[in-house]
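Architecture at a glance
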Amino acid sequence: MNVPLYLLSLTVAQLVCAAAAAEERVRPPQDGLASGRRTCRLYCRVGIGFHLQIHPDGRVNGSHEPNQMSVLELVAISQGVIGIRGVHSSRFLAMNRRGRLHATEGFSDDCKFRERFQENSYNTYASVIHRNHRTGRDWYVALNKRGKAKMGSSPRVKSQHVSTHFLPRVSRHDDSERSFQISERSHERRKKPPPPPPPKSPPLKPKVHAETGQRRIQVKYWPKYRFG
């Protein structure tokens, strides 16, 4: 069967466009094409409070004091789905099929988490592909009261528990970040001191007559009027 040349070229063009679109969907966010990047620290309010940190050796835990390991970059993958990357370690937070948290160099489906906003202004991060398939319960990123990563498959890890609640905090690791200073208005509202009084003019010296050498004192008389 003879196929017209323009139809054949059109079909080839459609296949190329479809392949490019598929490649764009599966391309990891480290290529710099993903939008919605934000740098912050994820603070968990469990125990004494911990910042989620990703180590270069793949470990994931929490630190009470913020440091360079806790500086994270949240990359938007799709609506409500993000990837979490450690800025210092250059590794992505991931969850395996057993619910254990770890960090990987390459981006995969294990690194996709669904970000949900809770009523208490905290966020939860649940794995997109890993969950309890029997009950449908999501597996969340969580830390225990000692700052260690919890198993997302644990029945105690729920969206209502404080171990899964994280608060994004703006990072201050960049020196070029803009800052502002708050000044007290009481100093601004202070009244300026009054200006110093003008210097007094010296008193007039009496005039001295040139011929007699006597001082002449000028006296002014004001007329008085009487009525009646």
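As a further point, take the overall build of the protein chain. Looking only at helices and strands, one finds two helices and 13 strands in the protein chain. Looking at the 228 residues of the protein chain, the share that counts as buried comes to 30%. Contacts in the protein chain between residues at least 24 apart in sequence constitute 50% of all its contacts with a sequence separation of at least 6.

Before going further, it helps to spend a moment on the environment of Met151. Following the sequence through the fold, Met151 ends up in the loop between strand E10 (138-140) and strand E11 (166-170). The contact partners of Met151, leaving out residues within four places of it in the chain, are Arg98, Gly99, Arg100 and Val157.

Mapped onto the elements of the fold, Lys158 is located in the loop between E10 and E11. Lys158 sits in the partly exposed class, given a relative accessible area of 42%. When the C-alpha atoms of Lys158 and Thr124 are compared, they prove to be 9.5 Å apart, with 34 residues separating the residues in sequence. Ignoring sequence-local partners within four residues, the contact set of Lys158 consists of Tyr140 and Thr164.

A word on the nonpolar core. Counting residues in each nonpolar core, the largest one holds 22 residues, and the members touching the most others are Leu42, Leu52, Ile84, Leu93 and Tyr125. Not counting residues up to four positions away in its chain, the partners in contact with Leu93 are Leu52, Ile54, Val60, Ile84, Leu101, His102, Asp110, Cys111, Phe113 and Val141.

What follows is about the packing of aromatic side chains. Applying the stated rule across the entire model yields two aromatic pairs. Look at Phe92 and Phe107: their rings are 5.3 Å apart centre to centre, the planes differ by 75 degrees, and that puts the pair in the edge-to-face class. Remark: Phe107 occurs in the loop between strand E7 (101-104) and strand E8 (113-117) and Phe92 occurs in strand E6 (residues 92-95); sequence separation between them is 15 residues. Judged by its relative accessible area of 3%, Phe92 falls in the buried class. On the basis of relative accessibility, which here comes to 16%, the residue Phe107 falls in the buried class. Between Tyr125 and Phe166, the aromatic rings sit 6.2 Å apart at their centres with planes inclined by 65 degrees, giving edge-to-face as the arrangement. Residue Tyr125 is located in strand E9 (residues 123-131), and its partner Phe166 is located in strand E11; the two are separated by 41 residues in the primary sequence. Among the residues examined, Phe166 registers a relative accessible area of 0% and is labelled buried.

On to the pattern of salt bridges. A side chain of one charge can pair with a side chain of the opposite charge if their charged atoms are brought near each other. Per the stated rule, a full pass over the model turns up eight salt bridges. Residues Glu115 and Arg38 are paired through a salt bridge, measuring 2.7 Å at the closest nitrogen-oxygen approach. Of this pair, Glu115 sits in strand E8 while Arg38 sits in strand E1 (residues 38-44), placing them 77 residues apart in sequence. Among the residues examined, Arg38 registers a relative accessible area of 33% and is labelled partly exposed. One salt bridge in this structure joins Arg85 and Glu73, with 2.7 Å as the shortest N-O distance.

Among the seven residues in E1, five count as buried, and that is most of the element. Note that E1 and strand E4 (residues 72-78) share three bridges and pair antiparallel. Residue pairing for E4: Thr39 is matched across the bridge by Glu73. As defined by bridge partners, E1 adjoins E11 across five bridges and the pair is classed as antiparallel.

We now examine unusual backbone geometry. Positive phi, normally seen in glycine, also occurs at Ser90, with a value near 60 degrees. Relative to the helices and strands, Ser90 resides in the loop between strand E5 (81-86) and E6.

What follows deals with the confidence of the model for the protein chain. With 63% of its residues at a pLDDT of 70 or more, the protein chain shows a mean pLDDT of 78. A low-confidence stretch, residues 20-34 stays under pLDDT 50, and its non-local contacts, those more than four residues away or across chains, total 16 contacts. For the stretch residues 173-183, pLDDT sits under 50, and the model shows six contacts to residues farther than four places along the chain or on other chains.

Rules used throughout
- Residues numbered from 1 in each chain as written.
- Predicted model: local features only at pLDDT ≥ 70, side-chain atom pairs only at ≥ 80, totals over all residues.
- Heavy atoms only, no water.
- Helix = DSSP H or I, 4+ residues; strand = E, 2+ residues; numbered from the N terminus.
- Buried < 20%, exposed > 50% of the residue type's maximum accessible area, 1.4 Å probe, protein only.
- Contact = heavy atoms within 4.5 Å.
- Core = buried A, V, L, I, M, F, W, Y, C linked by side-chain atoms within 4.5 Å.
- Phe/Tyr/Trp six-rings, centres within 6.5 Å; stacked < 30°, edge-to-face > 60°.
- Salt bridge = Lys/Arg side-chain N within 4 Å of Asp/Glu carboxyl O.
- Pairing = 2+ DSSP bridges.
- pLDDT = per-residue confidence, 0-100.

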